[in-house]
2 protein chains.
Amino acid sequence: MSKNLTTRSEDYSKWYNELVVKADLAENSGVRGCMVIKPYGYAIWEKMQAELDRMFKETGHSNAYFPLFVPKSMFEAEEKNAEGFAKECAIVTHYRLKNDPNKPGKLMVDANAKLEEELIVRPTSEAIIWSTYKNWIQSYRDLPLLINQWANVVRWEMRTRLFLRTAEFLWQEGHTAHATKAEAIEESKKMMDVYADFVQNFMAIPVIKGLKTETERFAGAEETYCIEALMQDGKALQAGTSHFLGQNFAKAFDVKFANQEGKQEYVWGTSWGVSTRLMGALVMTHSDDNGLVLPPNLAPIQVVIVPIFKTVDEFERISTVAHDLVSQLKKLGISVKFDNRNTQKPGFKFAEWELKGVPIRIAIGPKDLENGTFEIARRDNLTKEVVSVSAIDLYVATLLKEIQKDLFDKALQFRDNHITEVNTFEEFRDVLENKTGFISAHWDGTVETEEKIKELTKATIRCIPLSQEKVNGKCVFSGEKSTGRVLFAKAY
Amino acid sequence: MSKNLTTRSEDYSKWYNELVVKADLAENSGVRGCMVIKPYGYAIWEKMQAELDRMFKETGHSNAYFPLFVPKSMFEAEEKNAEGFAKECAIVTHYRLKNDPNKPGKLMVDANAKLEEELIVRPTSEAIIWSTYKNWIQSYRDLPLLINQWANVVRWEMRTRLFLRTAEFLWQEGHTAHATKAEAIEESKKMMDVYADFVQNFMAIPVIKGLKTETERFAGAEETYCIEALMQDGKALQAGTSHFLGQNFAKAFDVKFANQEGKQEYVWGTSWGVSTRLMGALVMTHSDDNGLVLPPNLAPIQVVIVPIFKTVDEFERISTVAHDLVSQLKKLGISVKFDNRNTQKPGFKFAEWELKGVPIRIAIGPKDLENGTFEIARRDNLTKEVVSVSAIDLYVATLLKEIQKDLFDKALQFRDNHITEVNTFEEFRDVLENKTGFISAHWDGTVETEEKIKELTKATIRCIPLSQEKVNGKCVFSGEKSTGRVLFAKAY
């Protein structure tokens, strides 16, 4: 197959858009800003879901499901949260269509079926969930309440891009309630750690853990913890957030509990989420000009076997070896496909599986039959080798682990090479223009400086890294006092 | 714990509503007609999902995800389908809220943010999916296309009941495309069989496979296959449907393919779905006046261990035995909970786990320690026995299988006892009034008769059973010619 993929150096943004569609991950739908997640893309998302779900349950959380709609009066109860989402929400106002008297076969909104109160399609579920928690929490014995929801949410974004920013997206949102401030903060941090663990070890994407500044904080939160990743074009991507909500939602929805002394107190809350946006991060971290590069942990097909043959007899003999290999690999839990289509040539197949990012390709030809060998190609570094081993299954299993590790190491090296300490605003601008990546710089802690820098450079503070030491310095922009460096970058 | 549950004989409907809430399955939300599925209820739904998903994949289907919204013009493209759902759909008309100038802190719909075209919140996804399939299908090589989606849908029902009929519900919807009519019909039947297999073997609910009459058919389908179950109050419940769509959606959305001879033909379609409604069927088939009765295959907790003790020393010795039992059972893949709360008495715990339908309760007291015995209570038939066996783990595993089978057999016996053949309309009415259940009667095949019977008795034709032999007879209502019996019942 011919890929005709724009290269990253030609136009990174175009490369991304094309790749997502050509590799069958997703495409735009007939509904403005909404995407269709295609089977191959959804299979990757299912693997993410399964692993995250396992991690959430292991840390004591249960799944539940809350309504898609939020009545307006409930939506506006927590003012900051409402303000943060009011400008981008889909609103249901009617509940019936009727025949259009002027256009046969067409329908129109039935004006007699107007809702008494408008319903907001959830952009996030704090409001609906805390209005429910009010009935679930009476005493300290009901706490902590540790719940997660897998759901679709809608944010009416004006400029959308597949996976990165869509009007509807899929996500999980955790919502927990606690008796003490300390416990809620601990939970927020714990879930940030769970996300970091998942993104690094499962998706092979290195991240920096940090705190958001007030400007970048979730609307309605006291503190937002985040994990920040770096894409190949030097732009940052927020890969997950975990919010300490303080008592904001408890106060907005009057959620109190009787403590051990019988006194009424407001509950402390957290919420945390990751979304199908991670699919975008996955593509932009590892893939190359030949197509997708998938980490073995997330690849729907980890190994593809392609037969190279001229005669039916050759094909049959290769098939015997291939089927045997398939069953050996399956026994090890490896997902493997024998591409025995006779409608396509090997070259076409090679290109197709390269485009789709299958980590290992094994080719078997007549010579391999003679010599008892396999030609093994790695998708990540495009190397090939002819191997002759007794335990090919274990060889492949080990190689998959190696590829997973190599992908992470490569991304880590790229990321670490793209964190630049600067001490003047000139250097700051120079890095942004030429080297890109994260810029580690002193900041005076004011919203004004943060906004001014954004206005001048489009760079924002991605996070105040948790690992950052307290070091006195001078703000790179204002020259005022600073107590530590923060990370700036242009971001998705 | 005190259950205070209304009994089934007092008020079946009230019993159901109370049980769903008290057993922590679901509750009404602050949004009209929408429910909150609570963690315990959602854990059961997750088990259903996992098993169905496995069965769908085993039969060659892949998951994907399509948009929540359907633009009005797309919605109305297949006229019968549009007509069928137009009267009960939630409509998004605006995309922004603004501050209400007259009410500080309140929001209002921003009239300047009106959508050019209204969006329907999907009541089902044929329209959006077939509009996508148009781009995915060009040639016979693209067929069959076998896709499933797990999603939420909204139907603006006026009278709602937890799980049975809610404005928003969760479901899966399969949407397949085929090159021939025969293949599409085969797919519809196959998925009906998959549903029957799941509902009978996993949920322990016997079903009758059949065809819907024209009146009860899915809007836009040529034929609707269904599985019908019988609840303990003698009312029927449609547990799943599978539709042969003919070329209706292909024509509405112009989905054609080039066949092997290169000729353009319209594609043949199917769709099929089951929903959280199955949770209602589960409750109403097996549960009793003491609470839920869950089949072992679906129970989030299959075995609960309750210690009976007076002293700390007793508790510790019992705990040792219990922990050992827990790890033995876990090794067999059995989900088990040791209820070691010291805040509640055994009687409270017994009642709680009974209410929640845990299939097996094992009590361990000081006497059991002495004698090496366990007191094993079955939730389904409320029997208890003291057992002394060497391999308690295998004993429990076998018992779980036995309970699963006994639940099905019991429900089957009830169902079979509630299928009554009648030959006069007097008998028909008598069965409906007194015995309830399915009524097997001759019908003349006309919509008029079907509607007249519904008007007079509220009974509808649940299905034309596939197993029904062709036998000539006279319609129970009109006396006209009939070629076979159909099943009538009052239904949920």
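Residues numbered from 1 in each chain as written. Chains lettered and ligands numbered in written order. Predicted model: local features only at pLDDT ≥ 70, side-chain atom pairs only at ≥ 80, totals over all residues. Heavy atoms only, no water.

- An unreviewed UniProt entry lists chain A under the name Proline--tRNA ligase, with Flavobacterium aureirubrum as the source organism.
- Its UniProt record gives chain A a comment under Function (unreviewed entry), which states: "Catalyzes the attachment of proline to tRNA(Pro) in a two-step reaction: proline is first activated by ATP to form Pro-AMP and then transferred to the acceptor end of tRNA(Pro)."
- UniProt, in the comment section headed Subcellular location (unreviewed entry), describes chain A in these words: "Cytoplasm". (UniProt positions renumbered as here; feature names shortened; annotations may be inferred.)

**Looking at the overall build of chain A**
- Check the secondary structure of chain A and you find 14 helices and 27 strands.
- Across chain A, every contact between residues at least 6 apart in sequence was considered, and the portion connecting residues at least 24 apart equals 68%.
- Entry remark: accessible area of chain A is about 20600 Å², with carbon and sulfur atoms responsible for 47%.
- With 64 positive and 69 negative side-chain charges, chain A shows a separation of 3 Å between the mean positions of the two kinds. (Helix = DSSP H or I, 4+ residues; strand = E, 2+ residues; numbered from the N terminus. Contact = heavy atoms within 4.5 Å. Areas by Shrake-Rupley, 256 points an atom, 1.4 Å probe, with all protein chains shown as cover. Lys, Arg positive; Asp, Glu negative; His and termini not counted. Charge placed at Lys NZ, Arg CZ, Asp CG, Glu CD.)

**Focus: the interface of chain A and chain B**
- Taken together, the contact between chain A and chain B spans 62 residues of the former and 62 residues of the latter.
- For the chain A and chain B pair, buried surface summed over both sides reaches about 5100 Å², with 68% attributable to carbon and sulfur atoms.
- The interface formed by chain A and chain B contains four salt bridges.
- Put simply, chain A and chain B have 30 residue pairs in polar contact (both at pLDDT 80 or more) between them.
- As paired strands, strand β5 (residues 91-94) of chain A and strand β5 (residues 91-94) of chain B are joined by three bridges and run antiparallel to one another. Within the sheet, the bridge partner assigned to His-94 of chain A lies in β5 of chain B and is Ile-91 of chain B. (Buried area = accessible area lost by both parts, 1.4 Å probe. Salt bridge = Lys/Arg side-chain N within 4 Å of Asp/Glu carboxyl O. Polar contact = N/O pair within 3.5 Å; in protein donor to acceptor, adjacent residues only side chain to side chain. Pairing = 2+ DSSP bridges.)

**Points about the environment of Val-447 of chain B**
Residue and element names in this part refer to chain B.
- Here Val-447 shows up in helix α14 (residues 447-457).
- Sequence-wise, Val-447 and Thr-215 are 232 residues apart; in three dimensions their C-alpha atoms are separated by 6.9 Å.
- Sequence-distant contacts of Val-447, defined by excluding residues within four places in its chain, comprise Glu-214 and Thr-215.

**Quick notes on the UniProt feature "domain: Aminoacyl-transfer RNA synthetases class-II family profile" (unreviewed entry) in chain A**
- Per the UniProt entry, the sites bearing "domain: Aminoacyl-transfer RNA synthetases class-II family profile" (unreviewed entry) are residues 27-295 of chain A in this numbering.
- Between the C-alpha atoms that bound residues 27-295 of chain A there is a distance of 22 Å. The span itself is 29% helix and 32% strand.

**Considerations on the packing of aromatic side chains**
Residue and element names in this part refer to chain A.
- Taken as a whole, this structure holds 38 aromatic pairs over all chains when the rule is applied.
- Look at Trp-45 and Trp-150: their rings are 6.1 Å apart centre to centre, the planes differ by 80°, and that puts the pair in the edge-to-face class. Of the two residues, Trp-45 is situated in helix α2 (residues 39-58) and Trp-150 in strand β9 (residues 145-154); the sequence distance between them amounts to 105 residues.
- Members of the aromatic cluster, joined through ring pairs, are Trp-45, Phe-56, Trp-150, Tyr-195 and Trp-272.
- Its guanidinium or amino end placed over the ring of Tyr-492, Lys-235 lies 4.3 Å from that ring's centre, counting from NZ or CZ.
- We note Arg-361 situated over the ring of Phe-350; from NZ or CZ to the ring centre the distance is 3.7 Å. (Phe/Tyr/Trp six-rings, centres within 6.5 Å; stacked < 30°, edge-to-face > 60°. Lys NZ or Arg CZ within 6 Å of the ring centre and 35° of its normal.)

**Regarding the sheet that holds strand β19 (residues 360-364) of chain A**
Residue and element names in this part refer to chain A.
- One open sheet accounts for five strands, arranged β18-β17-β19-β20-β21; its pairing is mixed. Of all the strands in the sheet, just β18 (336-338) and β21 (384-387) have a single pairing partner and so form its edges. Across the sheet, the axes of successive neighbouring strands diverge by a mean angle of 20°, strand direction being ignored.
- Relative to β19, strand β17 (residues 303-307) runs parallel, the two being bridged by five bridges. Directly across from Pro-307, in β19, lies its bridge partner Ile-364.
- Relative to β18, helix α9 (residues 312-331) is tilted by about 170°, and along the sheet it contacts β17, β18, β19 and β20 (374-378).
- Packed on one face of the sheet, helix α12 (residues 392-417) meets β17, β19, β20 and β21 and runs near 15° to β20. (Axes fitted to C-alpha atoms, helices over the stretch in contact; angles between N-to-C directions.)

**Section: helix α13 (residues 425-435) of chain A**
Residue and element names in this part refer to chain A.
- Every buried residue belonging to α13 is among Phe-425, Phe-428, Val-431 and Leu-432, and all of these are buried. Along the axis of α13, the buried positions cluster into a sector of 120°, meaning they face one direction only. Facing away from the buried side of α13, by more than 90 degrees, are the exposed residues Glu-426, Glu-433 and Asn-434.
- On the buried face of α13, the contacting elements are β22 (419-421), β23 (438-442), α14 (447-457) and β27 (485-489).
- Immediately beyond the C-terminal end of α13, within one or two residues, lies Thr-436, with a positive phi of roughly 60°. (Buried < 20%, exposed > 50% of the residue type's maximum accessible area, 1.4 Å probe, protein only. Arc of directions from axis to C-beta.)

**So, the pairing of strand β9 (residues 145-154) of chain B**
All names here are of chain B.
- Along β9, ten of the ten residues are buried, which leaves the element largely enclosed by surrounding structure.
- Burial of β9 is two-sided: the residues Leu-145, Ile-147, Gln-149, Ala-151 and Val-153 facing one way and the residues Leu-146, Asn-148, Trp-150, Asn-152 and Val-154 facing the other way are all buried.
- Relative to β9, strand β3 (residues 62-63) runs parallel, the two being bridged by two bridges. Across the sheet, the residue bridging to Asn-63 is Asn-148, located in β9.

**Side note on the relation of the copies chain A and chain B**
- Taken as rigid bodies, chain A and chain B are interconverted by a rotation of 180° and an axial shift of 0.0 Å, the fit giving an RMSD of 0.0 Å. Such a turn and shift between the copies fits a two-fold axis. Within chain A, the C-alpha atom positioned nearest to the axis of rotation is that of Val-92 of chain A, 2.1 Å from it.
- A shared interface surface links the copies, since 100% of the contact residues of chain A are contact residues in chain B too. (Least-squares fit on C-alpha atoms with pLDDT ≥ 70 in both.)

**Topic: the environment of Phe-202 of chain B**
All names here are of chain B.
- Within the element layout of this structure, Phe-202 appears in the loop between α6 (181-201) and β11 (208-211).
- Here Phe-202 falls in the buried class, since its relative accessible area comes to 16%.
- Remark: the alpha-carbon pair of Phe-202 and Gly-365, spanning 163 residues in sequence, is separated by 34 Å.
- Not counting residues within four places of it along the chain, the set of residues in contact with Phe-202 comprises Lys-47, Glu-51, Asp-197, Pro-295, Asn-297, Leu-298 and Gln-404.

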